[in-house]
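Observations on the model geometry
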Amino acid sequence: MPEPFRVIQIGFGTLGKWIAKAIIERENLQLAAVVDIAPVLEGKQVEALLKMERKTSTIIHNDLSNTLDELSETPPDVALIATSSHLKKVKPTISTCLQAGMDVISLCEELSYPYVRHPQLSKQLHNLANSEGKTLLGTGINPGFLMDLLPIILTAPCQSVDKIHVTRNMNSSSRREAFQKKVGTGMTKEDFKKAIATGTITGHVGLVESIHMIGTALNLQLDHVEEFPPEPVIATEKIVTTYITVNAGEVRGLKSRGVGQKAGDTIITLDFNAYADASPAYDEVRLEGQPNIQQRIEGGMPGDEGTVGMLINLVPLVIKAPPGLLTMKDIPCPHNTERVWK
Ligand SMILES: NC(=O)c1ccc[n+]([C@@H]2O[C@H](COP(=O)([O-])OP(=O)(O)OC[C@H]3O[C@@H](n4cnc5c(N)ncnc54)[C@H](OP(=O)(O)O)[C@@H]3O)[C@@H](O)[C@H]2O)c1
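How each quantity is defined
- Residues numbered from 1 in each chain as written.
- Predicted model: local features only at pLDDT ≥ 70, side-chain atom pairs only at ≥ 80, totals over all residues.
- Heavy atoms only, no water.
- Axes fitted to C-alpha atoms, helices over the stretch in contact; angles between N-to-C directions.
- Helix = DSSP H or I, 4+ residues; strand = E, 2+ residues; numbered from the N terminus.
- Parallel < 35°, antiparallel > 145°, perpendicular 65-115°, else oblique.
- Contact = heavy atoms within 4.5 Å.
- Nonpolar A, V, L, I, M, F, W, Y, C, P; charged D, E, K, R; others polar.
- Expected span 1.5 Å × (residues − 1).
- Buried < 20%, exposed > 50% of the residue type's maximum accessible area, 1.4 Å probe, protein only.
- Arc of directions from axis to C-beta.

Section: the packing of helix 4 (residues 87–99) against helix 5 (residues 119–132)
Direction vectors running N to C along helix 4 and helix 5 enclose 10°, while the axes themselves pass 10 Å from each other. As far as their axial angle goes, helix 5 and helix 4 are roughly parallel. Note on element contacts: helix 5 touches helix 4 through L121, Q124, L125, L128, A129 and E132, opposite L87, K88, K91, I94, S95, L98 and Q99. Considered class by class, the residues forming the contact of helix 4 with helix 5 number seven nonpolar, three polar and three charged.

Considering helix 5
Its 14 residues give helix 5 an end-to-end C-alpha distance of 20 Å, which sits within 8% of 20 Å, the value for a rise of 1.5 Å per residue. Where helix 5 is concerned, the buried positions are L121, S122, L125, L128 and A129. One side of helix 5 carries all its buried residues, which in axial view fall inside an arc of 135°. In helix 5, the exposed positions that point more than 90 degrees away from the buried face belong to Q120, K123 and S131. On its buried side, helix 5 packs onto helix 4, strand 6 (135–138) and strand 16 (324–326).

Points about unusual backbone geometry
Leave glycine aside and you will find that most residues have negative phi; peptide bonds, for their part, are mostly trans. Across the junction of N142 and P143, the peptide omega takes the value 5°, indicating a cis bond. Going from Q290 to P291, the amide bond is cis rather than trans, its omega being 0°. Mapped onto the elements, P291 comes out in the loop between strand 14 (282–290) and strand 15 (293–298). Its identity as a non-glycine residue notwithstanding, K51 has a phi of 55°, on the positive side. By secondary structure assignment, the location of K51 is in the loop between helix 2 (46–50) and strand 3 (60–61). If you check the backbone angles, Q221 has positive phi at about 55° while not being a glycine.

It is worth stressing that arrangement in space is one thing and function is another; only the former is reported here.
Right, dumping it as structure tokens:
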């Protein structure tokens, strides 16, 4: 009988729940434990919360260190972290997991390419991962794939690349509630502007990280990277989403743009548009060069499903990867790994 990879899930919010379910359903993965700090979750049985047939006896714990102590005889291979977008918040969890001898994969957007926003923290985490002989990786559907790794891979057949333009045009009507909230769905225009300015809502996190990842992979020597403040998209008629009803005059979501420039010339443009009932929905990469390439995912990548897929497919790959802090451009040929065993 082939042996499955043992995985601990940290963070049991919307994504964490879907990840735990995917781990239970995937034969080459075994859910070793689930940790979430929410006191109401302590002691709750995982499959009962997921409304799944009970296959394991896994309950949720609040305390990561105690849980790892309990698992010390059969430690998990990999920790999956789905708790926060911000690296400073996730760092203690990452450090604990690396020190416990696990490879770590996190959905933390700022970890997808952390060297520019958090140079010191990146160095510390890289040194820790190296000294523990473990791999640390930030991933997800975006950042982590659609607006960075995918355009990087598409340049492989190009003899030359002059410009890169990536557009994510997403219908956010059925995205998870936290996502619809963070793009301002249902707000007034004034509240949206205030909430963005004060950081109450973040919009998409990761455009700058994606631009730096592309720039480094292609050695573009960018001298200016900028993300512009997101602009609200206003409803002209009533729209009903899975989270809220948006009335005419209220915010459907947003449009964000980030650019990477060299000597005043824009080489990379990333357009992230996410709003209720956006049509058509698509993900597109356009490369100007030799040859020109245009690639489109019609209908757009389902973001939440794709995020879970990215995470669980990377489990066998981070175990094989060299130690240290890596980014998606460093992982050899990411792919589906449901048939790969320990
Ligand atoms: N890169 C990508 O493509 C991508 C895609 C999707 C999501 N994400 C990111 O993934 C993260 C998770 O998303 P989500 O929608 O599931 O968020 P969520 O619903 O807010 O869930 C996060 C959960 O983690 C818990 N938590 C917070 N700090 C913790 C800690 N130190 N230890 C254990 N549990 C902790 C939270 O508890 P409390 O509520 O009590 O704080 C909450 O239950 C977000 O930052 C999101 O932006 C990235």
